[in-house]
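Here is what each chain is made of, one letter per residue.
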Amino acid sequence: MRIDKLLANMGFGSRKEVKQLLKKGGVTLSGAPVKDAKTQVDPENDDIEIFGEKVEYKPNIYLMMNKPQGVISATEDASESTVLDLLETEDLIYDPFPVGRLDKDTTGFMLLTNDGKLAHQLTSPKKKVDKTYRVHIDGVLTKDQEEELKAGVVLDDGYKTKPAKLAYYNGEPETTVQLTITEGKFHQVKRMFQAVGRKVVALKRESIGPLTLDPDLEPGTYRELNDDEVELLRKGNL
Ligand code: URA
């Protein structure tokens, strides 16, 4: 790949600005200044520095966000704020997109990446990747309602949901339940509870597959996943 293209893609300026930077001798390749914008480089193996700072090339980005209420999980919208509005420019240059959907009022674990293959793997119902939600409901479930949710309920459009896991949190009121599903139909969790006659009053996604939302992430903040976490996600459910 041409060095001017690489650096422009990585957000070091427009092609014109990068050319000027090269001319000034600000960029080195294996320690030697590189002035020709057409110089071919291998971004993954070559040692490129800008004013002595190593250029860390990575083809993919993986971000764990604690989505706050009030933003939508889309890449753009004419009137609403999106999860992308919460990202720094240095991350936006990788063109990440949200993996799956969370409603505007749902909080919690939103994964953003530019890795289409992993995104597909995590959202395809065939892969059966667990998504776990903390659900506040408007009353305590009966045993029958619990069993129905676990076995699969018929939603308002006639779709029967796949088996789910239901659990309670130690020391918390039974109006807070943990639901794990492997699908992601539109408003699925809310519609599942609606199907058994309960209303969801607050919803937070806690985990995707084997990865749980980092408790240090305040709503609206995010961090990059480390290599081990990305590997865990690739492997799917443990
Ligand atoms: N199910 C819902 O109803 N809403 C979400 O945001 C996610 C799952």
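Note: the structure precedes this text.
Below you will find a few notes about this structure.

Quick notes on the rules
- Residues numbered from 1 in each chain as written.
- Predicted model: local features only at pLDDT ≥ 70, side-chain atom pairs only at ≥ 80, totals over all residues.
- Heavy atoms only, no water.
- Helix = DSSP H or I, 4+ residues; strand = E, 2+ residues; numbered from the N terminus.
- Rg over C-alpha atoms; globule rule 2.2 N^0.38 Å.
- Buried < 20%, exposed > 50% of the residue type's maximum accessible area, 1.4 Å probe, protein only.
- Lys, Arg positive; Asp, Glu negative; His and termini not counted.
- Charge placed at Lys NZ, Arg CZ, Asp CG, Glu CD.
- Phe/Tyr/Trp six-rings, centres within 6.5 Å; stacked < 30°, edge-to-face > 60°.
- Lys NZ or Arg CZ within 6 Å of the ring centre and 35° of its normal.
- Near = heavy atom within 4 Å.
- Polar contact = N/O pair within 3.5 Å; in protein donor to acceptor, adjacent residues only side chain to side chain.
- Areas by Shrake-Rupley, 256 points an atom, 1.4 Å probe, with all protein chains shown as cover.
- Nonpolar A, V, L, I, M, F, W, Y, C, P; charged D, E, K, R; others polar.
- Arc of directions from axis to C-beta.
- Pairing = 2+ DSSP bridges.
- Salt bridge = Lys/Arg side-chain N within 4 Å of Asp/Glu carboxyl O.
- Contact = heavy atoms within 4.5 Å.

### So, the overall build of the protein
- If you tally the helices and strands in the protein, you get seven helices and 13 strands.
- For the protein, the C-alpha radius of gyration of 22 Å lies well beyond 18 Å, the compact-globule estimate for 238 residues.
- By its C-alpha atoms, the protein is 70 × 35 × 35 Å across when sized along the principal axes.
- Here the protein holds 238 residues, and 45% of them are scored as buried.
- Charge-centre separation for the protein: the mean point of 35 positive side chains lies 5 Å from the mean point of 41 negative side chains.

### A short note on the packing of aromatic side chains
- Throughout the structure, instances matching the rule amount to zero aromatic pairs.
- Above the plane of the ring of Tyr-169 lies Arg-134, whose end atom (NZ or CZ) is 4.4 Å from the centre.

### Remarks on the site of the ligand
- Taken together, Leu-102, Asp-103, Thr-106, Tyr-133, His-187, Gln-188, Val-189, Lys-190 and Leu-203 make up the full set of residues adjacent to the ligand.
- Asp-103 places a polar side-chain atom, nitrogen or oxygen, 2.7 Å from a nitrogen atom of the ligand.
- Contacts to the ligand include Thr-106, whose side-chain N or O atom sits 2.8 Å from an oxygen atom.
- Relative to its free-state accessible area of 230 Å², the ligand is covered by the protein chains to the extent of 96%.
- Ranked by residue count, the leading element in the shell around the ligand is helix H6 (residues 188-195), at three residues.
- Per-class residue counts for the shell around the ligand are four nonpolar, three polar and two charged.

### Things to note about helix H5 (residues 143-151)
- For H5, the complete set of buried residues consists of Gln-145, Glu-146 and Leu-149. The buried residues of H5 occupy an angular sector of 105° when projected down its axis, which confines them to one face. Turned more than 90 degrees from where H5 packs its buried face, Lys-143 and Asp-144 sit exposed.
- The first or second residue beyond H5 is Gly-152, which carries a positive phi of 120°.

### Thoughts on unusual backbone geometry
- Phi at Ser-30 takes a positive value of approximately 50°, unusual for a residue other than glycine.
- Assessed through its relative accessible area of 56%, Ser-30 is described here as exposed.
- One non-glycine residue with positive phi stands out, namely Lys-128, at about 50°.
- Topologically, Lys-128 is positioned in the loop between helix H4 (116-123) and strand S8 (131-137).

### Here we look at the pairing of strand S11 (residues 200-208)
- With two bridges joining them, strand S7 (residues 107-113) and S11 adopt parallel strand pairing. Bridge pairing links Thr-107 to Lys-204 in S11.
- Following S11, the chain reverses through two residues before pairing antiparallel with strand S12 (residues 211-212); Gly-209 in that reversal takes a positive phi of roughly 55°.

### Looking at the sheet that holds strand S3 (residues 48-50)
- Ordered in space as S2-S1-S3-S4, the four strands form an open sheet in which the pairing is antiparallel. Looking at strand neighbours, the two that pair on one side only are strand S2 (32-33) and strand S4 (53-54), the edges of this open sheet.
- With two bridges connecting them, strand S1 (residues 27-29) and S2 associate as antiparallel partners. Of the residues in S2, the one forming a bridge with Thr-28 is Pro-33.

### A few points about the side chain of Lys-131
- With respect to the helices and strands, Lys-131 occurs in strand S8.
- Asp-130 provides the closest opposite charge to the buried, salt-bridge-free Lys-131, at an N-O distance of 7.9 Å.
- A distance of 3.3 Å separates the side chain of Lys-131 from the backbone oxygen of Val-129, its partner in a polar contact.
- If we ignore the near neighbours within four places in the chain, the residues touching Lys-131 are Leu-122, Thr-123, Leu-179, Thr-180, Ile-181, Thr-182, Glu-183, Arg-205 and Ser-207.

### Quick look at helix H7 (residues 227-235)
- Residues of H7 that are buried include every one of Glu-229, Val-230 and Leu-233, and no others. Take H7 and look down its axis: the buried residues cluster within an arc of 100°, on one side only. Seen from the buried face of H7, the exposed residues on the opposite side, beyond 90 degrees, are Asp-227, Asp-228 and Lys-235.
- Buried residues along H7 sit against strand S5 (62-67), S7, H4, S11, S12 and strand S13 (222-224).
- Near the N-terminus of H7, the side chain that reaches the backbone nitrogen of Asp-228, with its oxygen 3.1 Å away, is that of Asn-226.
- Once H7 ends, the next one or two residues include Gly-236, with phi positive near 80°.

Geometry only, nothing functional implied.
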